[in-house]
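As a plain string of letters, each chain reads:
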Amino acid sequence: MEAKQLIDPNKIKQDFSIFKRKINGKPLVYLDNGATSLTPDIVVNAINNYYHNFNANIHRGVHTMGEDATIAYESAHDKVAKFINADNKEIIFTSGTTASLNILVRSIRLNPGDVIILTEMEHHSNIVPWLEAAKKEGYIIKYVKITENGELDMNHLKSLLLNSHVGVVSVTHMSNVLGSINNVKEIAKLAHEKGALCIVDGAQSVPHIPIDVKDIDCDFFCFSGHKMAGPTGIGVLYGKKELLNDMEPANFGGDMISEVHFDHATWNDLPWKFEAGTPNIAGGIGLGAAVEYLDSIGMDKIRDYEEFLTEYALTKLKGIEGVTIYGSSKKRGGVISFNVKDIHPHDVGTILDRDGIAIRGGHMCAMPLIKTVLKLNSVCRISLYFYNTTEDIDKLVTAIHKAKEVFCNDQS
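Residues numbered from 1 in each chain as written. Predicted model: local features only at pLDDT ≥ 70, side-chain atom pairs only at ≥ 80, totals over all residues. Heavy atoms only, no water.

## Points about the side chain of Thr 390
For step 1, the next point in the chain: Here Thr 390 lies in helix 14 (residues 390-411).
For step 2, the next point in the chain: Beyond its immediate sequence surroundings of up to four residues, Thr 390 is in contact with Tyr 305, Phe 308, Leu 309 and Tyr 312. (Helix = DSSP H or I, 4+ residues; strand = E, 2+ residues; numbered from the N terminus. Contact = heavy atoms within 4.5 Å.)

Next comes the structure, spelled out in structure tokens:
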């Protein structure tokens, strides 16, 4: 197994002051990037610069600081648009992927009896809003099954699309449990052939692989800043211009209006039509800085390095007796879910934390997949990023062996 020498993760770690922190006296090994990635100093500095030098509202004042804030915030839209190959009018800032999906559920026009196709590997954020809408609007929800190796059953998807009333196909790009990367370009093509809209949850994919929404040809694409080296509380809803123009906003108030009268109101131009109220200005500026930072490293290089690191981690974990790994898709990202025989995931996580290693334990906000499909109560999960190293994985393996020893001794 040959390491990809395209990036130097140890050098990259120097961009993150948080790596100076010790956890229980040990160097930080952060393997919970699927929940929230770490934030480089350049992003923190961009946010601080806003608050220190031009902390003002946007699109309202003609004073200098207001103008500076507006330029920086709108520039962040431009940077994100370029990052995913979209038009800047198609980039709506939200509070995150969950908010983006909720906006779509409330704004897309469908009819009672229309079918919404989801998949068995969806995050709760791409299930619960549709369930609530189905109760109120009379939609019918169908789920695409997954295969034994954790991939979408495309034949099952095609059979569901035979229904003439399919209105939306909404799928995750990359599973936050199995690491499987779905062929969303093919899914969008199949959806469009049946006259359905295609929504992609890109929360787990955008931070790790190059994204071109025009090439994918999805109608909507949602993702979060805090999983891609950006701040929390900021996310993106991409939508095709013609669709966004035809949709009604989900939220109403300041900045999303053109005119207000006592008996009616008209809406602002895109993208501001969907950004009601004072937005997360600092978060938007921080997201713009995060996108620039990722671009400076190179998304192709990040993808190549993470492919190497994922293979390394899988090989090491498979070598531990009693460890079961879930999902074996050929096309996958750096998300690996596993269990250690006879040890609860929360106990594994607690013991690993003693050695400064941060992992996830639980149902990963994908309870239907974990409990109904995999028939488990919970799993351990590591999720990798470009600043992780083979040394991090080696420390993980050593700590898992320690956990096994602790529970073996407790049970003896």
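## Focus: the pattern of salt bridges
Should their charged atoms come close, side chains of opposite charge can pair.
For step 1, the next point in the chain: Overall, the coordinates contain 15 salt bridges when judged by the stated rule.
For step 2, the next point in the chain: Where Asp 246 meets Arg 109, a salt bridge forms, and the shortest distance between an N and an O atom there is 3.7 Å. With Asp 246 in helix 9 (residues 241-246) and Arg 109 in the loop between helix 4 (97-107) and strand 5 (115-119), this pair connects stretches of sequence that are 137 residues apart.
For step 3, the next point in the chain: Classification of Asp 246 by relative accessible area gives partly exposed; the value is 48%.
For step 4, the next point in the chain: A salt bridge links Asp 217 to Lys 240, with the nearest nitrogen and oxygen atoms 2.8 Å apart. (Salt bridge = Lys/Arg side-chain N within 4 Å of Asp/Glu carboxyl O. Buried < 20%, exposed > 50% of the residue type's maximum accessible area, 1.4 Å probe, protein only.)

## Thoughts on the packing of aromatic side chains
For step 1, the next point in the chain: The full count for this structure, using the stated rule, is 17 aromatic pairs.
For step 2, the next point in the chain: Cluster of aromatic residues (ring-pair linked, three or more members): Phe 16, Phe 19, Tyr 293, Tyr 385, Phe 386 and Tyr 387.
For step 3, the next point in the chain: Seen from the ring of Phe 19, Lys 13 lies directly overhead, with NZ or CZ sitting 5.0 Å from the centre. (Phe/Tyr/Trp six-rings, centres within 6.5 Å; stacked < 30°, edge-to-face > 60°. Lys NZ or Arg CZ within 6 Å of the ring centre and 35° of its normal.)

## Here's the deal with the nonpolar core
For step 1, the next point in the chain: Core analysis: the largest hydrophobic core is formed by 111 residues, its most contacted members being Val 169, Phe 221, Ile 382 and Phe 386.
For step 2, the next point in the chain: The leading source of residues in this core is helix 10 (residues 281-297), at 10 residues.
For step 3, the next point in the chain: Mapping this core onto the domain boundaries places at least three of its residues in each of domain 1 (9-30 + 298-408) and domain 2 (44-296).
For step 4, the next point in the chain: Ignoring anything within four residues of it in the chain, the contact list for Ile 382 reads Leu 31, Ala 313, Leu 317, Gly 334, Val 335, Ile 336, Phe 338, Ile 359 and Leu 396.
For step 5, the next point in the chain: Residues Leu 118, Cys 222, Met 247 and Phe 274 belong to the second largest nonpolar core, which totals 25 residues. (Core = buried A, V, L, I, M, F, W, Y, C linked by side-chain atoms within 4.5 Å. Domains from an automatic or database assignment.)

## Regarding the packing of helix 2 (residues 41-53) against helix 10
For step 1, the next point in the chain: Put simply, helix 2 and helix 10 touch, their axes get as near as 8 Å, and they point 145° apart. Judged by the sense of rotation from one axis to the other, the crossing of helix 2 with helix 10 is right-handed. Packed against helix 2, whose contacting residues are Ile 42, Val 43, Ala 46, Ile 47, Tyr 50 and Tyr 51, the element helix 10 presents Ile 281, Ala 282, Ile 285, Gly 286, Ala 289, Ala 290 and Tyr 293 at the interface. (Axes fitted to C-alpha atoms, helices over the stretch in contact; angles between N-to-C directions. Left-handed = near helix turned anticlockwise from the far one by under 90°.)

## What to know about the sheet that holds strand 10 (residues 235-239)
For step 1, the next point in the chain: With respect to topology, seven strands assemble into an open sheet ordered 4-10-9-8-7-5-6, the strand pairing being mixed. Where the open sheet ends on each side, the last strands, each with one partner, are strand 4 (91-94) and strand 6 (140-144). Along the sheet, successive strands turn relative to each other by an average axial angle of 20°, direction set aside.
For step 2, the next point in the chain: The sheet contact formed by strand 5 and strand 6 spans five bridges and is parallel. (Pairing = 2+ DSSP bridges.)

## So, a nonpolar patch on the surface
For step 1, the next point in the chain: A surface patch of nonpolar side chains, about 230 Å² in accessible area, is lined by Val 128, Leu 131 and Tyr 143.
For step 2, the next point in the chain: With respect to the element layout, Leu 131 can be found in helix 5 (residues 128-137).
For step 3, the next point in the chain: What makes Leu 131 partly exposed here is its relative accessible area of 36%. (Patch = residues over 30% accessible without salt bridge, like charges linked within 9 Å, V, L, I, M, F, W, Y side chains within 5 Å. Areas by Shrake-Rupley, 256 points an atom, 1.4 Å probe, with all protein chains shown as cover.)

## Regarding the domain arrangement of the protein
For step 1, the next point in the chain: Looking at the assigned domains, one finds that the protein contains domain 1 (9-30 + 298-408) and domain 2 (44-296).
For step 2, the next point in the chain: The C-alpha centroid of domain 2 is placed 28 Å from the C-alpha centroid of domain 1.
For step 3, the next point in the chain: Counting from both sides, the interface comprises 34 residues of domain 1 and, opposite them, 31 residues of domain 2.
For step 4, the next point in the chain: Contact between domain 1 and domain 2 buries roughly 2,500 Å² in total, counting both sides, with carbon and sulfur atoms accounting for 61%.
For step 5, the next point in the chain: Looking at the side of domain 1 facing domain 2, the largest losses of area belong to Met 299, Leu 369 and Tyr 385, adding up to 24% of the total buried there.
For step 6, the next point in the chain: The interface formed by domain 1 and domain 2 includes zero salt bridges.
For step 7, the next point in the chain: At the level of elements, helix 11 (299-318), strand 14 (335-340) and helix 13 (367-373) are the ones that each hand at least two residues to the side of domain 1 that touches domain 2.
For step 8, the next point in the chain: In the side of domain 1 that touches domain 2, the residues fall into 18 nonpolar, eight polar and eight charged. (Buried area = accessible area lost by both parts, 1.4 Å probe. Nonpolar A, V, L, I, M, F, W, Y, C, P; charged D, E, K, R; others polar.)

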